[in-house]
Structures are given as structure tokens and as C-alpha cells.
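# Summary of structural features
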Amino acid sequence: MDFNKLDINTKENLHLEITSFANSVGGKNFFLKMIEEIRDIKPNPLLNKSGSFHTSRIKVTLTKSMFKDTFNTLFESIRREDKSGDMLNGIAPKEYKATMNMMRALAKVDLNVAPKKEEDGTGFHLSILDTSEEKKTKVTFIFKVIFFYHLDEAKKALSYKS
């Protein structure tokens, strides 16, 4: 995704969304630091069997742990969604089955992001998949920003001025 190529309404909505998430964990700098620390954890922290991990200021818990094959399918689906606008466009039947299984597995999975100190904020909940439109399931923007997109995209969304 390239934030600069989005239309104005989308940019404003994404700016408001990411700003509210950043404020709930202590502000923009703490949010960006959280993203950097999550990216530094190897292997990817989403693959922890316990379904939780920590950064210096944040604790993240998943309602259900994720397996490596589900994670790989999610990554490929995000790439397909960014290129074509839909994660199911033009895929082979075998890939379609794997993608549908991934969507079923992650449809109910939520992430709870909570600061370790109460004065930093209340934290937030987010879903991995946005299932608000029937037959148009997408990966949520904030999830992609935290775990997959380049840090510059988060910075552009946070500093956007309408």
C-alpha cells in the first residue's frame, strides 16, 4: 500500500483510526516504538504458542494462537489484496481452499493491546479480519500497519493533515 496514492476520504479515515489507536497506548511515539519492537521480535510474535507477547511498554494477547501455515496464507492474502483489491481474486482452487480455511480460523481472532502502565492509556482491541461486508472480507488496516506494512506508511498516516 502507498498511503500517498489513496483518495482524500480514505486518508482522513485511516488517519483518524490510527491516531485513536496511537492515543490509546500513550501517543504517536509510543505507538511507533511498539511497531518497531514488534518487528524486531523473531520469529514473528503472532506465532507464539501462548498467544501473547510483550514489548517494553505494551502487552499483546491474541484470543487464539496462530500456526505458521495460517500466517503464511495470511501474508500471501494481504499481498494479493493490496495488488488486486480482493484476497480471493484469481487464485487457484488449492490456494482458494487454504485462504478460506485461514479466513475461518482468523474470523473470530482478536488482538488485545494493553499498556503496562495505566497512565499510558487504556489500550485497544482489534480484529485481524474485517467481516463487515458479506463476501468482501479484508484484513484490517491497523493490523497490516502493526505487523506487515513498512513503518513509513504508519508515519504518513499519523502525520496526515487534511
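Preceding block: the structure.
What comes next concerns the included structure. (Residues numbered from 1 in each chain as written. Predicted model: local features only at pLDDT ≥ 70, side-chain atom pairs only at ≥ 80, totals over all residues. Heavy atoms only, no water.)

## Digging into the environment of G51
- Within the secondary structure layout, G51 lies in the loop between α2 (28-40) and β1 (52-54).
- G51 gets classed as buried once you look at its relative accessible area, which sits at 3%.
- The sequence separation of G51 and T61 amounts to 10 residues, and the corresponding C-alpha distance is 5.7 Å. (Helix = DSSP H or I, 4+ residues; strand = E, 2+ residues; numbered from the N terminus. Buried < 20%, exposed > 50% of the residue type's maximum accessible area, 1.4 Å probe, protein only.)

## What to know about the packing of aromatic side chains
- In this structure the tally under the stated criterion is six aromatic pairs.
- Aromatic side chains F75 and F148 sit 5.7 Å apart centroid to centroid with 35° between the ring planes, which places their arrangement in the tilted category. With F75 in helix α3 (residues 68-84) and F148 in the loop between α5 (141-147) and α6 (151-159), this residue pair connects regions lying 73 residues apart in the sequence.
- For F75, a relative accessible area of 34% gives the class partly exposed. (Phe/Tyr/Trp six-rings, centres within 6.5 Å; stacked < 30°, edge-to-face > 60°.)

## Describing the pairing of strand β4 (residues 124-127)
- Side-chain alternation along β4 places F124 and L126 on a buried face and H125 and S127 on a face that remains uncovered.
- When strand β3 (residues 110-115) meets β4, the two strands line up antiparallel, connected through four bridges. Each bridged residue has a counterpart across the sheet, and for D110 the counterpart in β4 is S127. (Pairing = 2+ DSSP bridges.)

## Things to note about the packing of α3 against helix α4 (residues 93-106)
- Between α3 and α4, whose axes approach to 9 Å, the crossing angle comes to 105°. One way to sum up the angle between α3 and α4 is to call them roughly perpendicular. Contacts between α3 and α4 pair T70, T73, L74, S77 and R80 from the former with E95, A98, T99, M102 and L106 from the latter. (Axes fitted to C-alpha atoms, helices over the stretch in contact; angles between N-to-C directions. Parallel < 35°, antiparallel > 145°, perpendicular 65-115°, else oblique. Contact = heavy atoms within 4.5 Å.)

## Considering the side chain of T55
- The residue T55 is located in the loop between β1 and β2 (58-62) in this model.
- T55 sits in the buried class, given a relative accessible area of 8%.
- At 3.3 Å, the side chain of T55 forms a polar contact with the side chain of E37.
- Sequence-distant contacts of T55, defined by excluding residues within four places in its chain, comprise M34, E37, I38 and K116. (Polar contact = N/O pair within 3.5 Å; in protein donor to acceptor, adjacent residues only side chain to side chain.)

## Quick look at the sheet that holds β2
- Strand order in the open sheet made by the four strands is β1-β2-β3-β4, with antiparallel pairing throughout. The open sheet terminates on both sides in strands that have one partner only, identified here as β1 and β4. Pairwise comparison of adjacent strand axes, ignoring direction, gives a mean angle of 15° for this sheet.

## Re the pattern of salt bridges
- For the structure shown, the criterion picks out seven salt bridges.
- Between R79 and E76 there is a salt bridge, with the nearest N and O atoms lying 3.9 Å from each other. Placement of both R79 and E76 in helix α3 is noted, with a separation of three residues, approximately one turn of the helix.
- By relative accessible area, which is 40% here, R79 ends up partly exposed.
- Note that K144 and D82 form a salt bridge whose closest N and O atoms lie 3.7 Å from each other. With K144 in helix α5 and D82 in helix α3, this pair connects stretches of sequence that are 62 residues apart.
- Residue K144 is classed as buried on the basis of its relative accessible area, which comes to 6%.
- Using a relative accessible area of 33% as the deciding quantity, one classes D82 as partly exposed. (Salt bridge = Lys/Arg side-chain N within 4 Å of Asp/Glu carboxyl O.)

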